[in-house]
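# Structural overview for review
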Amino acid sequence: MGITSSGNGGGGGGGGGGGSYGDTSLKCWCRWRLKHQCLFSPAFFFFLAAFLLLGCVATFYAWLMFTPFARTTTPISSSLLGCQEDNEGSWSIGVFYGDSPFSLKPIEDKNVWKDESAAWPVANPVITCSSASGAGFPSNFVADPFLYIQEDTLYVFYETKNSLTMQGDIGVARSIDKGATWETLGIALDEDWHLSFPYVFNYLGQIYMMPESSEKGELRLYQAVNFPLQWKMERVVLKKPLVDAFIIEHQKQYWIFGSDHSGFGSKKNGELEIWYSTSPLGPWKPHKKNPIYNVDRSLGARNGGRPFVHDGTLYRVGQDGGETYGRRVRIFKVEVLTEDEYREVEVPSGFHEPMKGHNAWNGARHHHLDAQELSSGEWIAVMDGDRVPSGDSFRRFILGCSSIVAVALLVMLLGLLLGAVQCIVPLNWCPHNLGKRTDAIFASWERSNVFSSKLRWFCSRLNRAPAFLRIWIKPNTLAGKLVLLLIFLAGVAFMCNGVWYIFGGNGAEEPYLVKGQYSQFTLLTMTYDARLWNLKMYVKHYSRCSSVREIVVVWNKGKAPEPSDFDSAVPVRVRVEERNSLNNRFQVDPLIKTRAVLELDDDIMMTCDDVERGFRVWREHPERIVGFYPRLIRGRPLKYRAERYARRHKGYNMILTGAAFLDAQVAFPRYWSEEAQAGRTLVDKYFNCEDVLMNYLYANASSSPTVEYVKPAWAIDTSKFSNVAISRDTNEHYRRRSECLSKFSQLYGSLSNRKSEFNRRRDSWDV
């Protein structure tokens, strides 16, 4: 870079290069020195203005795209240490059930309800970094789960990455309700080296653990002294750094399967060895065909959990690491296992890949499975999962920094074209111009240096580029100005891209914990044939939200679509109504499998994070209507007003159910009670006010607060972009609602004596 000069000399293509080179060298060398007024040069002000402008653009972009609301998923004391972003991932653990190891379904499909945490139903994951951190054991992630079953009590041993030491320890949790809730007991094993893959098994009444300790260079066996938290080192099984090793009894012999990635020519995550013995305590002999595998890592050679026996057949679990580390588990049927031979064939796992991408806790990968049969004949399994691929944080940082570098280069190019920058590389940066000219020895050495001469020659040629660029593009012409505009827009795009990658996180809109558990809700919307285009966009967006279990479309008029018409990550059920009535929105529906229902108009688009925040608040107050559009009803006569009226009077007493969470087991029967008959008749008369009626029914049933507001980061009413809005005439819409208020007040009492203030929550979600 350089500064334009008002002095003489053109720096053209004069012969010999002596005058031209000397003039260019003098201009660039002088102008780039701070003591020659570099600080007040046009180039300095240009760069300052450019980066201030782009900085303002980046700030506006961050304000627009990033939620202003803080996540509060763990207790404050633990969140300061645990659950930090980790380049290895954000692994967590889920529970699955099935009639066989090939028909496993997540715990939410079992419909287990827990009133204590308002989890109706309990949803995966059930053990997370928050579980360990909240119990006082700071953890960045939990992975590699192994079950140990003692009658009706389940234990899970897992790797937990210590947030302080940044190494793997072995944690343990306990469940006494078949995996619905888990109590973190603590750290079962902590060594001076990394531990993972805590394979736990029973032999002759003793409980053993064989964790991975490849960093130590050996495979160790530990025995429980005081199960499950106290262990002693029993022996070194093998003096080899085996990774993800397990012991299995098969045909009256014991077998170790593991991977040794330290050997010459060994393919990482693609190598597998087998060892055998008459006892799990050894001594061990290598299989005749070791290594059994030394292939591409995507073929599942590396173990991915505990092997299992089903219908008398042994199956091995491997992990596919082709696309990224731990992409998925693969199941292999063992056909031959002897001291001389080994043969297996892959079989379908029966596991359905999640379709919610980063919003699913296991949307990016799942690399470990432990499935075991209970005494009842039912199968239970634990599996880990991650919402981001391996190395995601480092990848995002590199992409973000690359985008910022691209912005700097584009600003440089813009400065060159506008004439604010004359030199790309000031010649005083070249070795020939460093140091004092009076140093004869140094000068003699420098002139004899071939590299220095070539570098100065390259710099001088490079500094001629601005003149050629301005001749070629011609900024004063229309085409030239268009090029300048495109360069500027590209700079804006790269700046926004850099901000997104560096500060935007992994892109996931995660659910929120309530008392250590996740749950799910049903999304319900009411529409008709003229709005089908809008409905398809709606379903595609909201079906990817993490906590959405099912989408129910209440179809009021016209030919109903088929569920297969929608691009959805969750089941879509179209409920066709016999007549066109707004009361249909609150029909009692026995097929709804969750207590929480989000009533959301099909013309409202908001972020999944806003929806998840609303769901969390509802789980804290399931007896209330929790929503995103507040209203204040007061005055004589009663008059329906917009949200700004509630803002002006600093409170609200109504939440519109066009975007609100309700308890389906309470709200729907209440709406269809005998008491609400007169109100439903008015709704049909006005073809309006069903949400107003629901608020009156809630208020009439309780003297406690019945509404709760959650502020969305942003929301778009897509009906404004079409002519199919139900309430296009705002004045008429408000007039009808005002009449409804008067009628409902006579039937169910007044709302005027109720008022909830804004900004009562500590998390500022209701500002």
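Residues numbered from 1 in each chain as written. Predicted model: local features only at pLDDT ≥ 70, side-chain atom pairs only at ≥ 80, totals over all residues. Heavy atoms only, no water.

## Considering the overall build of the protein
- When helices and strands are tallied, the protein shows 17 helices and 34 strands.
- Looking at the protein as a whole, 55% of its 767 residues are labelled buried.
- Of the accessible surface of the protein, which amounts to about 34,900 Å², a share of 56% is contributed by carbon and sulfur atoms. (Helix = DSSP H or I, 4+ residues; strand = E, 2+ residues; numbered from the N terminus. Buried < 20%, exposed > 50% of the residue type's maximum accessible area, 1.4 Å probe, protein only. Areas by Shrake-Rupley, 256 points an atom, 1.4 Å probe, with all protein chains shown as cover.)

## Describing the sheet that holds strand β24 (residues 521–527)
- One open sheet accounts for seven strands, arranged β26-β25-β24-β27-β32-β29-β33; its pairing is mixed. Every other strand in the sheet has two partners, leaving β26 (572–576) and β33 (707–709) as the edge strands with one partner each. Put simply, the sheet's adjacent strands are angled 25° from each other on average, direction ignored.
- Taken together, the seven bridges between β24 and strand β25 (residues 548–555) define a ladder with parallel strand orientation. Directly across from Met526, in β25, lies its bridge partner Val554. (Pairing = 2+ DSSP bridges. Axes fitted to C-alpha atoms, helices over the stretch in contact; angles between N-to-C directions.)

## Comments concerning the packing of helix α14 (residues 664–671) against helix α16 (residues 690–701)
- Their axes nearest at 10 Å, the elements α14 and α16 cross at an angle of 105°. By the angle class used here, α14 and α16 are roughly perpendicular. Within the contact between the two elements, α14 uses Val666, Ala667, Arg670 and Tyr671 and α16 uses Glu690, Leu693, Met694, Leu697, Tyr698 and Ala701.
- Here the contact of α14 with α16 is built from residues that sort into eight nonpolar, no polar and two charged. (Parallel < 35°, antiparallel > 145°, perpendicular 65-115°, else oblique. Contact = heavy atoms within 4.5 Å. Nonpolar A, V, L, I, M, F, W, Y, C, P; charged D, E, K, R; others polar.)

## Let's talk about helix α10 (residues 478–503)
- Counted at 1.5 Å a residue, the expected span for α10 with its 26 residues is 38 Å, and the 37 Å between its end C-alpha atoms agrees.
- Listed as buried for α10 are Gly480, Leu484, Ile487, Gly491, Val492, Met495, Cys496, Gly498 and Val499.
- Backbone geometry just after α10 places Gly505 at a positive phi near 70°. (Expected span 1.5 Å × (residues − 1).)

## Comments concerning the pattern of salt bridges
- Within the structure shown, the criterion is met by 54 salt bridges.
- A salt bridge links Glu341 to Lys289; the shortest N-O distance between them is 2.9 Å. Residue Glu341 is found in the loop between β19 (328–337) and β20 (342–347), and its partner Lys289 is found in the loop between β15 (285–286) and β16 (293–294); the two are separated by 52 residues along the sequence.
- Overall, Glu341 belongs to the partly exposed group, its relative accessible area being 35%.
- Residue class for Lys289 comes out partly exposed when judged on its relative accessible area of 42%.
- Between Glu550 and Arg573 there is a salt bridge, with the nearest N and O atoms lying 3.2 Å from each other. Here Glu550, found in strand β25, pairs with Arg573, found in strand β26; they are 23 residues apart in sequence, far enough to count as distant. (Salt bridge = Lys/Arg side-chain N within 4 Å of Asp/Glu carboxyl O.)

## What to know about the packing of aromatic side chains
- Tallied over the entire structure, the rule returns 38 aromatic pairs.
- Each ring, one from Phe308 and one from Trp379, has its centre 6.1 Å from the other, and the planes form 75°; the classification is edge-to-face. With a gap of 71 residues between them, Phe308 in strand β17 (residues 308–310) and Trp379 in strand β22 (residues 379–385) connect regions that are remote in the sequence.
- Members of the aromatic cluster, joined through ring pairs, are Phe146, Phe197, Tyr199, Phe201, Tyr208, Phe246, Phe257 and Tyr342.
- Taking NZ or CZ as reference, Arg613 lies 5.2 Å from the ring centre of Trp765, over its face. (Phe/Tyr/Trp six-rings, centres within 6.5 Å; stacked < 30°, edge-to-face > 60°. Lys NZ or Arg CZ within 6 Å of the ring centre and 35° of its normal.)

## Concerning the nonpolar core
- Formed by 45 residues in total, the largest nonpolar core has its most connected members in Tyr696 and Phe744.
- Considering every element that reaches this core, the biggest residue donor is α16, with seven residues.
- Apart from the residues lying within four places of it in its own chain, the contact partners of Phe744 are Gly679, Leu682, Val683, Cys689, Val692, Leu693, Tyr696 and Gly749. (Core = buried A, V, L, I, M, F, W, Y, C linked by side-chain atoms within 4.5 Å.)

## Considering the sheet that holds strand β11 (residues 230–238)
- Here four strands make up an open sheet; going across it, the order is β8-β9-β10-β11 and the pairing antiparallel. The open sheet has two edge strands with one neighbour each: β8 (196–203) and β11. Averaged over all pairs of adjacent strands, the angle between their axes in this sheet comes to 30°, without regard to strand direction.
- Strand direction decides the pairing type here: β8 and strand β9 (residues 206–212), joined by six bridges, are antiparallel. Each residue of the ladder has a partner; that of Tyr203, found in β9, is Gln206.

## Examining empty space enclosed by the protein
- Under the definition given, this model contains four cavities of 30 Å³ or more.
- When its volume is computed, the largest cavity comes out at roughly 80 Å³. (1 Å grid on protein atoms, 1.4 Å probe; cavity = no way out; pocket = protein on both sides within 12 Å on 5 of 7 lines; lining within 4 Å. Points joined across faces, edges and corners; volume = space filled by probe spheres on them.)

## Let's talk about the state of the cysteines
- Applying the stated criterion to the full structure yields three disulfides.
- A sulfur-sulfur distance of 2.0 Å marks the disulfide that ties Cys545 to Cys608. Its torsion about the S-S bond being -80°, the disulfide of Cys545 and Cys608 is classed as left-handed. With Cys545 in the loop between α11 (532–542) and β25 and Cys608 in helix α12 (residues 608–620), the pair connects residues that are 63 residues apart, well separated along the chain.
- Given the relative accessible area of 2%, Cys608 is considered buried.
- Between the sulfur atoms of Cys689 and its disulfide mate Cys740 the distance is 2.0 Å. The sign of the 85° torsion about the S-S bond sets the Cys689-Cys740 disulfide as right-handed. In this pair, Cys689 is assigned in the loop between α15 (677–686) and α16 and Cys740 in helix α17 (residues 730–748), connecting sequence segments 51 residues apart. Just as Cys689 is buried, Cys740 falls in that class too. (Disulfide = S-S within 2.5 Å.)

## Considering the pairing of β19
- Inspection of the sheet shows strand β18 (residues 313–320) paired to β19 by six bridges, in the antiparallel sense. Each bridged residue has a counterpart across the sheet, and for Arg316 the counterpart in β19 is Phe332.
- Of the pairings in the sheet, the one linking β19 to β20 comprises six bridges and is antiparallel in character. Pairing of Val334 across the sheet is with Glu344, part of β20.
- Between β19 and β20, which pair antiparallel and follow one another directly, the connecting turn spans four residues.

## Considerations on the packing of α15 against α17
- Interaxial distance between α15 and α17 falls to 11 Å at its minimum, and their mutual angle equals 170°. As the angle between them shows, α15 and α17 are arranged roughly antiparallel. The interaxial crossing formed by α15 with α17 has right-handed handedness. Taking contact as the criterion, the partners of Ala678, Gly679, Leu682, Val683 and Tyr686 in α15 are, on α17, Arg736, Glu739, Cys740, Lys743, Phe744, Leu747 and Tyr748.
- Among the residues forming the contact of α15 with α17, the class breakdown is eight nonpolar, one polar and three charged. (Left-handed = near helix turned anticlockwise from the far one by under 90°.)

## Some words on the side chain of Ser213
- Within the secondary structure layout, Ser213 lies in the loop between β9 and β10 (219–226).
- In this structure Ser213 comes out as buried when scored by relative accessible area, which is 0%.
- Look past the residues within four positions of Ser213 in its chain and what remains in contact with it is Trp193, His194, Leu195, Glu218, Leu219 and Arg220.

## Thoughts on the confidence of the model for the protein
- Per-residue confidence for the protein gives a mean pLDDT of 88, with 86% of residues at or over 70.
- Contacts for the low-pLDDT stretch residues 24–38, under 50 throughout, to residues beyond four places or in other chains number 29 contacts.
- Across residues 432–437 the pLDDT falls below 50, and counting only partners more than four positions away or on other chains, this stretch makes 14 contacts in the model. (pLDDT = per-residue confidence, 0-100.)

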